Every structure is written in C-alpha cells, then in structure tokens.
Protein chains: 2
Amino acid sequence: MIVNYRELQKNLRAPMSLLTDLTGQEGFFHDETIYRGTPSAVLIAETKDDLITAVRFCHRHKIPITTRGAGTGLSGGCVPSEGALVVSTVKLNSLIIDPKRKIAFCGPGVITKTLQDEAARYGLTYPPDPASYEESTLGGNVAENAGGLRCKRFGVTKDYVLGLEAITADGTLLKTGLYNDNRGFLLGDLLVASEGTLAVITEIAVRLIPLPGRGATLLVTFDAPEKAAQTVADIISEGIIPGVLEYIDGDAAACAVAYEKTEGIDEKAAAILLMETSDIDKERQTSQIRRFCEKNGCLYLQIESDPERVDSLWRVRRNISNATKAIAKAKISEDVAVPISQFPHLVAFVSEMNRQSPLRINSYGHAGDGNLHVNILSLGTDPEETAQIDKLVDLLLKKALQLGGTISGEHGIGLAKREYLKYEFDPATLEAMCSVKSIFDPNDILNPKKMFPVKN
Amino acid sequence: MIVNYRELQKNLRAPMSLLTDLTGQEGFFHDETIYRGTPSAVLIAETKDDLITAVRFCHRHKIPITTRGAGTGLSGGCVPSEGALVVSTVKLNSLIIDPKRKIAFCGPGVITKTLQDEAARYGLTYPPDPASYEESTLGGNVAENAGGLRCKRFGVTKDYVLGLEAITADGTLLKTGLYNDNRGFLLGDLLVASEGTLAVITEIAVRLIPLPGRGATLLVTFDAPEKAAQTVADIISEGIIPGVLEYIDGDAAACAVAYEKTEGIDEKAAAILLMETSDIDKERQTSQIRRFCEKNGCLYLQIESDPERVDSLWRVRRNISNATKAIAKAKISEDVAVPISQFPHLVAFVSEMNRQSPLRINSYGHAGDGNLHVNILSLGTDPEETAQIDKLVDLLLKKALQLGGTISGEHGIGLAKREYLKYEFDPATLEAMCSVKSIFDPNDILNPKKMFPVKN
C-alpha cells in the first residue's frame, strides 16, 4: 500500500513526528505477542489535534489506522493492520488530578504507574494494575479492558472509567459521561474493550479511590496445583476478598527465581499462593485464609512483614512474564478465566495437559478472579511444534468456555483469539457487534481485522 | 391507531393474556410519574416465547412496543408510547440460583426483593436495592440501571449484570456474556440503562455476593441541611465507605413520620443522616463518622442497636416516596447526582430554592453517592403552578450539570428528562447514541420517543 503522506505531514504540530521510512522502527510492528504487522507509516502524535488530524486524513483516504500505547499487549491488539498508519499516543501524557472530586483526567499515553504515583501524592489510587503497569498506558488499558493483581477486590479498568473523549472513524469527537457514565446509552462502556476498532481515544477520565493501606503478605506452598486451586475456591466461596490472591505454579515460580534470585521460594513446591489480605481486617482474614490452606494440606505458610522481603516476593509474580520470555524463543500466553468454583477443574486440566505434552507449559494468574495465564513455551519455528501449540491453545480455550468461563480474562482478543470469539458468542450476537462496528466505522479503517473472526 | 391483534392472539400461550379492551386497565397506562400513555393493547406475557412472538408481530406490523415490569419507575420510561402494545413481563419470574458460581438467572419479572430473599437462603445477596425493591422487577432495574441505598458501597445494577438475553426489534435473540461481560463489544452494558429502546430483555444473569453482616445504624440530626451535607462530603472524602449513607431533609422526614408514626425522629431537625456502617469494622467507622458529625455541629447522634427500632428507622427512609405522594396531588421527583465534593453546594442550592419558592419542596437521597432526590409537591393542575414547577426543575437539572453532575443518578431519562439529555451530552455524542438506536431498531418500534429529545 503506497500512501502519499505529505498532506498529513504538513498539518501536524511537528512534521518529524511522522515516520515514513520505517527502517529501524520495527518496535512499532508488534506488541508482546509473536504477531508482526506491516504499517505504511508511524505517527508519534504530539498533540490531541495530531490525533484528530490523523484520523480525518485516514478517513478521507480510507487508510487503516492502528493506535498503540506502550505495546505491552498480549493479544496482538495493537499490531498494525496491513498498510496501516500506526499512531502512537505515548506523548499524549497530560495528567490532571482533581483530588476533591477524586477524578483523574488522563491523556491516552499516561503510564499506569505514573497515574498511581501521582494519585498517591493525594492519598488516592487507581486500582487496576496489569502486570505491565510500569510501562502500559491508560489508552491501552482502556482499549483492552485490562485487569490486574488487585481486580478481585477493586475491579477492572471498565469499573474506573467515568468518561471518555474519542474520535470516531469519520473524525467526529464523542464525549461520554464525565462524572459518571450511567445515563444515556453507555457509549463509554461500549468503547472500553473495543481494542481500537470503534474509535480513537483522546482523553480518559477515571475514578480514583482512597489509597488503601497494605494488608499482610502471605506465601503458601503446596505439593499439587489442584490443592492450591481448591484453596483459592474455598477462600473466595467463603466470601473472603483478599487485596491480592495470585496462583503461581512451580514451573512459573522457578522461571521467575532463575530470572531474579529470590530468597524463600521453595523451588520444589508444585504451586504457590501469594496473597495480600485486605488492609481493614488483616488478622481475621489471615486466620481464615490459614484455615483453608491447612485444610487443603499446604506444605508451608509464611506471613511476611519485612517490607523489603514483601517487595521481593511480589517481584517474583511480576517477573514471570519476562522470565518465561527470556528462556523461550517464543511464548504463547493465554489468559482464560472461569467462575471461581470451576478454578480447580481448570488447574487440573492444565496440569494434565502439562503432563501429557512434551512442551514446557506453566501457569499463574489472578486466581481470586478465576483468571489463569497459561504460557506455552516455544523453542523455535518448527512447524510441527507450532501445530502442537495451536492444538493445545484450542483445547484450553474450549475448556474454559465449557467451564462457563471466557477465552480472555484481561488480555483481549486482538489477533490471537479472534477466531475464538465465535465460540464465546452466538452468531446473532456477533453479528450485532459487527453492526455496531459498521455504524462507528463504515469504511473499516479503525484497526481492521482485529477481534472478530476473519470472513473469507 | 387500530391494530388487528388476532394474528398475535392465536400464537400466544394463553389468548386471554392479550387485552384489547382496556377499560379498567388504566394501571398499565402509567408508572409512578404524572405521565399517561394510550396503548393499543396490553399483553401479560406468560412465557419467553410470548415475548418473542410479540416483538416479531410488532416488527412485521410496525407497531410500537413498550415493555414494563412493576411500573414503579420515576421517569416515565414504561409509560406506553402512542398506540403501543404494552408487554408486561411480571409473570416471567423464573429464578435459578447457582450458589457455587454465585450467579442468579432471572426472568425479567423477578421482583428485586424476591431475588434477595432467595439468594439469602444461600448466604448470598444481590446488592442493588432501589427504594421500591419490594415491588420493582429486575427487568425494570436493568432498563433504568437502578441504584439504591447500598450503591455507594456495592455499586448499581450495571455492576452486577453478568449477561443478558434480549430480543432486538427484528426479533433476533442476543446473548451477551454470561459468566462475564468483559469481552467483545460490551453489548450487555449497552442494553443496561437503555430503557427498553434497544431490545426487550428476556433473561438476566446477575452476580451475587456473600451476604454482608449488618453494620451499626446511626441516626444523626442537624439544624441546617448544609451541615449534614458537609458531613457527608467529609466522611466520603476521608475514604470511609459506610454500607448506607442517606440524607433526609427535615420536611421529608416529617412527611414520613406523619405517614407512619416513628419514635425517635426529631421533627424539628432541619436534616437527618441515617447511616449503616460497614459490617467489617463497625467500631472504627462509627468513631470516625462520629468525629465528622461533631465537627459539623450535629444536634444529636444516636447509635441504634435494637433490631426493631433499627427497622423502624429504615422504614422512615423507605416511606418518603409514598408519604409525599399521599399528601400532594402530584409529585415531581427529580434525582440529580453530583460529585461528592459538590454535594454541599447542591444541598445549599435546594435549600435556597425551597426558601424562595411558595411550593413545598423536600429532598433526600443516597448522599454517599452524591445522589439527591428532590420532590416538588404540586397541589393541583393550576397551569401557573405547573409553569413554576417546570422552571424549578430546569434550574435544578442545570445546576447539577454545572456542578459536574448528572440529571439522573438512578431513575433514568424516560419522558421526564428527555429534553435535558442534550445538556448532559454534546450533539455529536447524542447523534452517536441515535445511530446505535437506528442499528438496533431501524423502524423505531421499541419504546419510541423515550430518552432522547423529540425532534420537531
């Protein structure tokens, strides 16, 4: 696709922000998945007006447009569509916090952690914290409806979005509710999780909450994944809602410890639960959790109070993704989620898959929410191995749906799972989604060929 | 509008469920507002198939269709559109609770309180509890995105809807997520709050949570509404989240006490806060709340522990709506909401409006969420009085928007506020909503002339 970008270039704040020679710009061709795209140009937008100008230019010339933040996505959502103009929003990072109203007004390029740090100066926080929160942007979080470690207690991205400003494909600027998005049709909720296919987000108003105190950190080990999983189901079924409840299987923990040496992680444990209790009733929650851990035959239970050691335990969890990436040629990372009562069945299924497959598979996740990230490690480009992986992914996603769950708890559909959306929704419902797409983007220029099964 | 309903009648489970002679059926012509509609027939659907049959019949013959539950709405949402077939869903009250997965599958006619009572048998609850919860239906709650007394701590209807089954105007059955609605376009969130204008809801899956314990009940009185309002802002700004935090002005309390005699309500108080602390840290919350009440110069603070007296205090709150209705010829009931830091300004504005107007005005609401219900009592059909009321409503809604709030916290837009939606959203965003409507309902048969400003 050859596009004459001169007209766009001259209307930008800084002409240099448009890159048409893409040599050495391969970082814009992918996210954290194995997918690669071939864009026609890259715009690193300097202002909101640049975004609007770019969308209107693409509208006039029917050029696909793929918006991206930090590129930390795990479903290929921001991998450029064929011939697309890639628009990076990382420089659109204005951040205004209104501490009285507990609202933050964010450019789409604000980094999740930056928002949290700035909010903390007012005793506030923005709870959703995807594992990549030190790099990921709010725009990407909204597009993928990101979850995070604290999502069981505090909810996911959509629970915090009060209002959005966004540009539809024809360059129309929409403003959904600002203080709240409970009236009219909830268009803000429609744009959340739409992965750049309905509109380009230009501003995000999010709700902040008072910064909770730290709870107690618990490290518990088990000799079988199923025992850890049953403990999770027991805790949540009892109505206990810890601040964080992470499941880590033995192999995932070993990867993380090899990546960054950590004291106190038993490398022989088959599974670990890493938890932070609610800050409010630490003691009661700790003793309730202990009871369920013991009932399910835990090997070892440690309540960690030294702040440095607490941090190092949580780094184990946050390092898993990078650690597995470092040892594998490629990592297929799935993020199924199931109702909590089905979590033990899901974990048992993955254990069995692991036992039967010659591939290295490990798993971990925000178990309190029924989320399980399953990594299948690829050693190369052997076509036979690829076929094996595809088969395992297929089995896993269908199992999650069969257990009443979803193919993606928090990573989105993107390219990785677009052929599976038809198993999660029936044809009429998918068709209704496509009708909505056609209204917002009649020429199919906004991140085409994402989310939905490709029609032949 | 003359419609030949014979074709529909013969396809129903019970032909008698279709009423074409509407003498004595005026109960179906209105909700709890002053609005009245003129339907062409009323169907009391016996089965989900009846609903589908009715929608498809209306689609073929381009007949408007207005769905209704218990008719307890406060914005005219279910008042029949001109010539509409009214479809009552009250008999579609199948209710299946899966306690392990903590999901309830409800017909649209399930009464909110019935769901709560049934869930309680498993130690679970469904938190949204509009004041009319003993009569209102889940279908109506979803259509209006109802809130309730517990919404600050637990959230509103949309926060509990996991999945919906619904029929679009052409008779297509949609099923949005069931276990969760976080993937694909969030069509479920789009149907919530759409007031019967996008689809007819046939089944609702809601998330249940473990039944919380009861907190401590606090009754606090003040000699000025502004002091009570400032106390609310102080409590919430501090990050304290009580189970319930209701504001009741002196006149609203007096109405309720006159309606049902209640001990212990000081009839001279200018404002009352009625609160229930969180169950988890009762003592700490109670002392924190007490500190803010005293700081703002409360007259009287009582911690009530006798269960019977606790119930009687909460009945005061629940009786306000019926009590004011009983003394006025008509009651104009607004439900603005503002960010919590602006709540004292809103209350001051209403106090001033009250002082300057010859009309009787009282106010109360889920103050913890910034909601304020404002009743303007009408004594008759004097056109001058109506004009006065319209002017007050106009001033109030615009004030709420100016304070960064919304024209409707929880009652919906319906007929009552449709001309005001254009102040809450800009023309392009309203137009996008109308485009969505045109996709779901191209012939404009689903509850026409609701929600959106009427085009001339």
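Numbering of residues starts from 1 in each chain and follows the order in which that chain's sequence is written. Here the convention is simple: chains get letters from A, ligands get numbers from 1, in the order in which they are written. Under the rules for a predicted model, residues below a pLDDT of 70 receive no local features and side-chain atom pairs below 80 are neither given nor counted, while totals for whole chains, interfaces and linings still include all residues. For side-chain calculations, the full set of non-hydrogen atoms in the structure is used, while hydrogens and water are omitted.

## Here's the deal with the domain arrangement of chain A
Where the parts come together, the accessible area they lose is often given as the size of the interface.
All names here are of chain A.
Move 1: Splitting chain A by domain gives domain 1 (6-88), domain 2 (95-210) and domain 3 (217-402).
Move 2: Segment limits for the domains were obtained from an automatic or database-derived domain assignment. Using C-alpha coordinates to define each centre, domain 2 is positioned 28 Å away from domain 3.
Move 3: Contacts between the two partners involve 10 residues from domain 2, matched on the other side by 15 residues from domain 3.
Move 4: Together, the buried faces of domain 2 and domain 3 total about 1,100 Å²; carbon and sulfur atoms form 58% of this surface.
Move 5: Three residues stand out in domain 2 for area buried against domain 3, namely L149, K152 and R153, and they jointly supply 65% of the buried area on that side.
Move 6: The salt bridge criterion pairs a side-chain nitrogen of Lys or Arg with a carboxyl oxygen of Asp or Glu, the two atoms within 4 Å. Our count for the contact surface shared by domain 2 and domain 3 stands at 2 salt bridges.
Move 7: Across the pair R153 and D279 runs a salt bridge whose closest N-O atoms are separated by 3.0 Å.
Move 8: Under the rule applied, a polar contact is a pair of N or O atoms within 3.5 Å (in protein, one hydrogen donor and one hydrogen acceptor; residues adjacent in sequence only if both atoms are side-chain atoms). At the boundary of domain 2 with domain 3, the tally comes to 3 residue pairs in polar contact (both at pLDDT 80 or more).
Move 9: For this classification, the nonpolar set comprises Ala, Val, Leu, Ile, Met, Phe, Trp, Tyr, Cys and Pro, the charged set comprises Asp, Glu, Lys and Arg, and every other residue, Gly included, is treated as polar. For the side of domain 2 that touches domain 3, the residue count by class is 5 nonpolar, 1 polar and 4 charged. Contacts are assigned to residue pairs with any non-hydrogen atoms lying within 4.5 Å of each other. Buried area: the accessible area, evaluated with a 1.4 Å probe, that two parts lose upon being put together, summed over both parts.

## Description of the relation of the copies chain A and chain B
Move 1: When chain A is fitted to chain B, the residual RMSD is 0.0 Å, and the transformation amounts to a turn of 180° plus an axial shift of 0.0 Å. On the angle and the small slide along the axis, the relation comes out as a two-fold axis.
Move 2: Mapped onto chain B, 100% of the interface residues of chain A are again interface residues, and the two copies thus contact each other with one and the same surface. In this comparison the copies share one frame, found by least squares on the C-alpha atoms of residues holding pLDDT of at least 70 in both.

## A word on the interface of chain A and chain B
Move 1: Tallying the contact residues gives 69 residues for chain A and 69 residues for chain B.
Move 2: Summed over both partners, the interface of chain A with chain B comes to about 5,000 Å²; 63% of that surface belongs to carbon and sulfur atoms.
Move 3: The interface formed by chain A and chain B includes 2 salt bridges.
Move 4: Among the salt bridges present, the one from D189 of chain B reaches K158 of chain A, with a minimum N-O distance of 3.2 Å.
Move 5: Applying the counting criterion to the chain A and chain B interface returns 14 residue pairs in polar contact (both at pLDDT 80 or more).
Move 6: Every helix listed is a DSSP run of H or I at least four residues long, and every strand listed is a run of E at least two residues long, numbered separately from the N terminus. Secondary structure elements with two or more residues in the side of chain A that touches chain B: β9 (173-175), α6 (187-191), α7 (225-237), α13 (421-424) and α14 (427-440) of chain A.
Move 7: The leading source of residues in the side of chain A that touches chain B is α14 of chain A, at 10 residues.
Move 8: When the residues that make up the side of chain A that touches chain B are grouped by side-chain class, the tally is 28 nonpolar, 23 polar and 18 charged.

## Notes on the sheet that holds β9 of chain A
All names here are of chain A.
Move 1: Whether two strands pair comes down to DSSP finding at least two bridges between them. What the 5 strands build is an open sheet, ordered β5-β6-β10-β8-β9; its pairing is antiparallel. Looking at strand neighbours, the two that pair on one side only are β5 (95-98) and β9, the edges of this open sheet. Mean inter-strand twist for the sheet, computed between neighbouring axes without regard to direction, equals 15°.
Move 2: As judged from the 4 bridges shared by β5 and strand β6 (residues 103-106), these two strands associate in the antiparallel manner. Within β6, the residue paired with I96 across the bridge is F105. Between the N-to-C directions of two axes lies an angle of 0 to 180 degrees, each axis being a line fitted to C-alpha atoms and, for a helix, fitted only over the stretch in contact.

## What about the sheet that holds strand β13 (residues 244-249) of chain B?
Residue and element names in this part refer to chain B.
Move 1: Across the sheet, 7 strands lie side by side as β15-β12-β14-β13-β17-β18-β16; this open sheet has antiparallel pairing. Each edge of the sheet is formed by a strand with only one pairing partner; in this case those strands are β15 (300-304) and β16 (330-337). Along the sheet, successive strands turn relative to each other by an average axial angle of 15°, direction set aside.
Move 2: Sheet analysis places β13 next to strand β17 (residues 360-365), joined by 2 bridges and oriented antiparallel. Residue pairing in the sheet places I248 in a bridge with Y364 of β17.
Move 3: Sheet strands touched by helix α12 (residues 383-402): β16, β17 and β18 (371-378). Its angle to β16, the strand with the most contacts, is close to 10°.

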